[in-house]
Amino acid sequence: IALESLVEAYVVASSVAKSLNYMDLANLAALRAKEAAALLDDPVQMGKADFVWLLTLPGAGSWDRGLVAAEQSAANLEPHARDPLGCQVLGMLTLTASLSAAAIQQGDRAAHWLGEAAGVAARVPDEPMRTWMSFSLANVNIWRVTVAVERGEAGGAMLELARDVHLDLFEP
C-alpha cells in the first residue's frame, strides 16, 4: 500500500505542478510516479503514472509521439482493467489518446478513442465526483466538446455536443 500511495502522491504533485505552470516539476513528478509504479508491477498503477506523464509531455511537435504513447498505455492496461479503478484509469488514457489524435488532425482516430472511452464509461457509475480523475460518461461528454474544438468544429455541431454536458454532476 505504501508504493500505491506514493504513486498517487506523485500523480497529485504532477497535476498541481502542471496547474501552477511548473511543467518541469510536473514532468519530474510524473517520472517518479512511473518509477514507483514499475516497482509495483501493477498495470493500473502504471496506467495512472502514464496518464500524468502524457499530460506533461511538451506540446510543441510531440502530439504524434503522445498519441503513440497514449495508445500503447491504453493497450497495456486494457486486459487488466477489470475493476472500477482500472476502468477509470483506462478511460482517462483513451480520452488522452483521443485529444492527441485530434491535435494532429486525425479525426478518425480521435473518434475511435472517444468511442472507446464511452464504452469504458458505460462500465462505471456516472458519478464524476467519486471516480479517479472524474472519469465518467459526464466527463467523456466534456472531452467530446474539447476534441471537437481541437478539430475546428463550431456552430450547431458544438451546440449539439454541449447539450450532453452536465456540469452539475461535478459539483461537490
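Note that the structure is predicted; figures quoted are calculated from it, not measured.

Trainee: I would appreciate a short explanation of the nonpolar core in the present structure.
Mentor: In globular proteins that are soluble, nonpolar side chains generally tend to be buried together. Counting residues in each nonpolar core, the largest one holds 39 residues, and the members touching the most others are Leu 77, Met 92, Leu 93, Leu 95 and Phe 135. Broken down by secondary-structure element, the contributors of at least two residues to this core are helix H1 (2–19), helix H2 (23–40), helix H3 (43–55), helix H4 (63–77), helix H5 (84–103), helix H6 (107–121) and helix H7 (137–150). Sort the elements by how many residues they give to this core and H5 lands first, with 10 residues.

Trainee: Would you mind going over the pattern of salt bridges with me for this structure?
Mentor: Once their charged atoms are close, side chains differing in charge can pair, the charge on each being opposite to the other. For the structure on display, the rule yields six salt bridges. A salt bridge links Glu 8 to Lys 48; its shortest N-O distance comes to 2.6 Å. In this pair, Glu 8 sits in helix H1 while Lys 48 sits in helix H3, placing the two residues 40 residues apart along the sequence. Residue class for Glu 8 comes out partly exposed when judged on its relative accessible area of 24%. The closest approach of N and O atoms between Arg 109 and Glu 71, which form a salt bridge, is 2.6 Å. Pair noted here: Arg 109 is in helix H6 and Glu 71 is in helix H4, with a separation of 38 residues, a long-range link. Given the relative accessible area of 19%, Glu 71 is considered buried.

Trainee: Help me understand the packing of H6 against H7 in this model?
Mentor: For any two helices packed against each other, one specifies the crossing angle of their axes together with the interaxial distance. The contact between H6 and H7 brings their axes to 9 Å, and the two run at 170°. In terms of orientation, H6 and H7 fall into the roughly antiparallel class. Across the interface between the two elements, Ala 110, Leu 114, Ala 117, Ala 118 and Ala 121 from H6 touch Leu 137, Val 140, Trp 143, Arg 144 and Val 147 from H7.

Trainee: For this particular structure, what's the right way to read the side chain of Thr 56?
Mentor: Structurally, the position occupied by Thr 56 is in the loop between H3 and H4. Within the local environment of Thr 56, its side chain forms a polar contact with the side chain of Asn 27, the two groups lying 2.9 Å apart. Setting aside chain neighbours within four positions, we find Thr 56 in contact with Ser 14, Met 23, Ala 26, Asn 27 and Ala 30.

Trainee: How do you make sense of the packing of aromatic side chains when you look at a structure like this?
Mentor: In this description, a pair of aromatic rings is defined by centroid distance and the angle of the planes. Evaluated as defined, the whole model comprises one aromatic pair. Seen in terms of ring centroids, Phe 51 and Trp 132 are 5.5 Å apart; in terms of plane orientation they differ by 70°. Their pairing is edge-to-face. Note that Phe 51 is positioned in helix H3 and Trp 132 in the loop between H6 and H7, a separation of 81 residues in sequence. Like Phe 51, the residue Trp 132 is buried in the burial classification. A cation over a ring is seen here: Lys 34 above Trp 53, with NZ or CZ 4.6 Å from the ring centre.

Trainee: Looking at this structure, I do not really get the environment of Leu 6. What am I missing?
Mentor: The topology assignment puts Leu 6 in helix H1. The spatial distance from the C-alpha of Leu 6 to the C-alpha of Val 147 is 32 Å, given a sequence separation of 141 residues.

Criteria and thresholds
- Each chain has its residues counted from 1, following the order in which its sequence is written.
- Selection of residues for local features in this predicted model requires a pLDDT of at least 70, selection of side-chain atom pairs for listing and counting requires 80 or more, and totals for whole chains, interfaces and linings are taken over all residues.
- The side-chain quantities take in all heavy atoms of the structure and omit both hydrogens and water.
- Residue types Ala, Val, Leu, Ile, Met, Phe, Trp, Tyr and Cys, when buried and joined through side-chain atoms within 4.5 Å, form a set referred to as a nonpolar core.
- Relative accessibility decides the category of a residue: with a 1.4 Å probe and only protein chains considered, values under 20% of the type maximum give buried, values over 50% give exposed, and everything between is partly exposed.
- Comment: elements are numbered from the N terminus, with helices defined as DSSP H or I runs of at least four residues and strands as E runs of at least two.
- A side-chain nitrogen of Lys or Arg and a carboxyl oxygen of Asp or Glu constitute a salt bridge if their distance falls within 4 Å.
- Interaxial angle, 0 to 180 degrees, is taken between N-to-C directions of lines fitted to C-alpha atoms, where a helix line uses only the stretch in contact.
- Small angles under 35 degrees read as roughly parallel and large ones over 145 as roughly antiparallel, with 65 to 115 read as roughly perpendicular and the rest as oblique.
- Whether two residues are in contact is decided by their heavy atoms, any of which lying within 4.5 Å being enough.
- N or O atoms closer than or at 3.5 Å make up a polar contact, with two conditions inside protein: a donor-capable atom paired with an acceptor-capable one, and, for residues adjacent in sequence, both atoms drawn from side chains.
- Put simply, two rings from Phe, Tyr or Trp (the six-membered ring, in Trp's case) pair if the centres are within 6.5 Å, and we call them stacked under 30 degrees between planes, edge-to-face over 60, tilted for the rest.
- A positively charged side chain is recorded as over a ring if its NZ (Lys) or CZ (Arg) lies within 6 Å of the ring centre. The angle to the ring normal must also be within 35 degrees.

In short, the description is geometric, and any link to function would need to be established separately.
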